[in-house]
Amino acid sequence: MTPSQHALILAGAGHAHLVAMRRWIDNGFRPPAGTLLLSPTSRAWYSGMMPGLIAGRFSEDECAIDLAPLCKACGVDLMIGEMAQLDADNRTMTLADGRGLQYDYLSLNVGSVPPQPELKDARVQVVPAKPFAGFTAHWHAWRDQSEPMQLAVLGGGAAAFELALALQKSLPRAQLSLICGGELLSGYAPGLARRAQRFLNSREIELRANTRIDRVADGWLMSKEQRVQTADALVIATGAAPQPWQIDSGLACDAPGFIRVAGTLRSESHPEVLASGDCASQPGTPHSGVYAVRQGAVLSESIPALLAGTPLVEYQPQPRSLVLLATADGGALLSYDRWSAGGRLFGMWKDHLDLSFMRRHRLD
């Protein structure tokens, strides 16, 4: 199959690309004819609202952005497909269904996947928290079950904590546990973990800290050769790992396989490629939606500059960021630098920020 040729491909409908496209609509920039937005689905899920969806506070329509109206408004063609292979030296990519694409310029905002333990037992459902469309399908099935289930969430970060509370809210008959490879919410304000622990205790969610699950066997979650607990399902919310094709793409990558970029978000090895969000590796830039949104503002200027052959804008990551963790009851925990707090007011603030983002980027 002959690859189709495109001057520019935006691979992935992550936060950075959504922000860039919305800014192009505002400032009147039109990308070259035939520019593609490549996305596995026709909707982009907003990660910040997913725990609210699971907790029953939002509908699926409120948590997703239809991509077709956004693409039409800024002159971009939407292609539904998932990248399986990238050959950066030859500027070609192959999709999972076998279609081939060739580009002059490429912007990658394809997100990440959560690292998974070794799987040896089909009796335990192992369900990554991303991609969200797949996760919500399992969640619907769990809600429809008549029998109580034993459910474990694997991960010690913000996403794992929020999901554990949200799942407990929507699956009240489930026996729920949160299993962390290290300490809960390490790296955040010191008081945040204590507040989070109190929430887990009040919701009767068992916390197993400093317990690294490395495989699933014989119906058990295993830490080396030690049996930790049985589970009907294991939700993987363990942070960010690169997409499988990145390490073999020819792009310069760091040791785990994330794409190394300069301050301009330009690939260190291939100047016609930009990368942003979770798939990219840049010092001082955590894999977080907060940083991806700010990178989107830079992309909105850097992509036109790349096409015009003019200097690109530098992205300067902020030294610290505000973190708001939904507690499934309309409230939220807040972390900023070394300060933490919690309550209903912070939940209202989080809802305002999330819903404002959706209103700005939803054009349907």
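Definitions and limits used
Residues numbered from 1 in each chain as written. Predicted model: local features only at pLDDT ≥ 70, side-chain atom pairs only at ≥ 80, totals over all residues. Heavy atoms only, no water. Core = buried A, V, L, I, M, F, W, Y, C linked by side-chain atoms within 4.5 Å. Buried < 20%, exposed > 50% of the residue type's maximum accessible area, 1.4 Å probe, protein only. Helix = DSSP H or I, 4+ residues; strand = E, 2+ residues; numbered from the N terminus. Contact = heavy atoms within 4.5 Å. Salt bridge = Lys/Arg side-chain N within 4 Å of Asp/Glu carboxyl O. Pairing = 2+ DSSP bridges. Axes fitted to C-alpha atoms, helices over the stretch in contact; angles between N-to-C directions. 1 Å grid on protein atoms, 1.4 Å probe; cavity = no way out; pocket = protein on both sides within 12 Å on 5 of 7 lines; lining within 4 Å. Points joined across faces, edges and corners; volume = space filled by probe spheres on them. Nonpolar A, V, L, I, M, F, W, Y, C, P; charged D, E, K, R; others polar. Parallel < 35°, antiparallel > 145°, perpendicular 65-115°, else oblique. Left-handed = near helix turned anticlockwise from the far one by under 90°.

Draft legend 1. Representation of the nonpolar core in the model. The biggest cluster of nonpolar side chains holds 97 residues, and the ones touching the most others in it are Met93, Leu108, Trp142 and Leu167. With 8 residues, helix α5 (residues 158-170) is the largest single contributor of residues to this core. Contacts of tryptophan 142, omitting those with residues within four sequence positions, involve Gln125, Val127, Phe135, Met149, Leu151, Leu167, Leu171, Ala233 and Val235. Ile179, Ile213, Val216 and Leu221 belong to the second largest nonpolar core, which has 11 residues in total.

Draft legend 2. Geometry of the pattern of salt bridges. Under the defined criterion, the tally for this structure stands at 12 salt bridges. Notably, a salt bridge pairs aspartate 61 with arginine 43, separated by 2.9 Å at the nearest N-O pair. You can see aspartate 61 sitting in the loop between α2 (50-54) and β4 (64-66) and its partner arginine 43 sitting in strand β3 (residues 43-45), a full 18 residues away along the chain. You can call aspartate 61 exposed: its relative accessible area is 55%. A salt bridge links glutamate 206 to arginine 208; the nearest nitrogen and oxygen atoms lie 3.5 Å apart. In this structure arginine 208 comes out as partly exposed when scored by relative accessible area, which is 24%. Ionic contacts of the salt-bridge type, sharing partners, join the residues Arg22, Asp26 and Arg360 into one network.

Draft legend 3. Here's a closer look at helix α6 (residues 190-202). For α6, the complete set of buried residues consists of Gly191, Leu192, Ala196 and Leu200. Contact partners of the buried residues in α6: α5, β12 (175-179), β13 (206-208), β21 (323-326), β22 (332-336) and β23 (339-343). One or two steps after α6, the chain reaches glutamate 204, where phi turns positive at roughly 60°.

Draft legend 4. Up close: the sheet that holds strand β17 (residues 233-236). Pairing is parallel in the open sheet, where 5 strands are placed in the order β10-β17-β11-β12-β13. For this open sheet the edge positions go to β10 (125-128) and β13, each flanked by a neighbour on one side alone. The mean angle between the axes of side-by-side strands here comes to 20°, regardless of whether they run parallel or antiparallel. Both β10 and β17 contribute to a ladder of 4 bridges, which runs parallel. Looking at β17, one finds that glutamine 125 is bridged to alanine 233. Of the strands in this sheet, β10, β11 (150-154) and β17 are in contact with helix α4 (residues 132-144), which crosses β10 at around 135°.

Draft legend 5. Up close: empty space enclosed by the protein. The tally for this structure, following the rule as stated, stands at 1 cavity of 30 Å³ or more. Of the voids in this model, the largest cavity is the one considered here, and its volume is about 70 Å³. Contributing to the lining of the largest cavity are 14 residues, with Pro51, Gly52, Arg57, Ala326 and Lys350 lying nearest its centre. Secondary-structure elements contributing two or more residues to the lining of the largest cavity are α2 and α8 (344-361). Partitioned by chemical class, the residues of the lining of the largest cavity number 5 nonpolar, 4 polar and 5 charged.

Draft legend 6. Region of the structure containing the environment of proline 242. Within the secondary structure layout, proline 242 lies in the loop between β17 and β18 (259-260). Look at proline 242 and you get buried, because its relative accessible area is 16%. Along the sequence, proline 242 and phenylalanine 258 sit 16 residues apart, while their C-alpha atoms lie 5.5 Å from each other. When sequence neighbours within four positions are dropped, the list of residues in contact with proline 242 reads Val113, Pro256, Gly257 and Phe258.

Draft legend 7. Highlighting the packing of helix α1 (residues 15-27) against helix α7 (residues 289-308). Between α1 and α7, whose axes approach to 7 Å, the crossing angle comes to 45°. Judged on the interaxial angle alone, α7 and α1 are oblique. In the crossing of α1 with α7, the sense of the turn from one axis to the other is right-handed. Contacts from His15, Ala16, His17, Val19, Ala20, Arg23 and Trp24 of α1 reach α7 at Gly289, Ala292, Val293, Gln295, Gly296, Ala297, Leu299, Ser300, Ile303 and Pro304. Tallied by class, residues from the contact of α1 with α7 come to 10 nonpolar, 6 polar and 1 charged.

Draft legend 8. Focus on the side chain of serine 39. Residue position: serine 39 is located in strand β2 (residues 36-39). Residue class for serine 39 comes out buried when judged on its relative accessible area of 2%. Excluding its chain neighbours within four sequence positions, the residues that come into contact with serine 39 are Ala13, Leu67, Leu78, Met79, Ile80 and Gly81.

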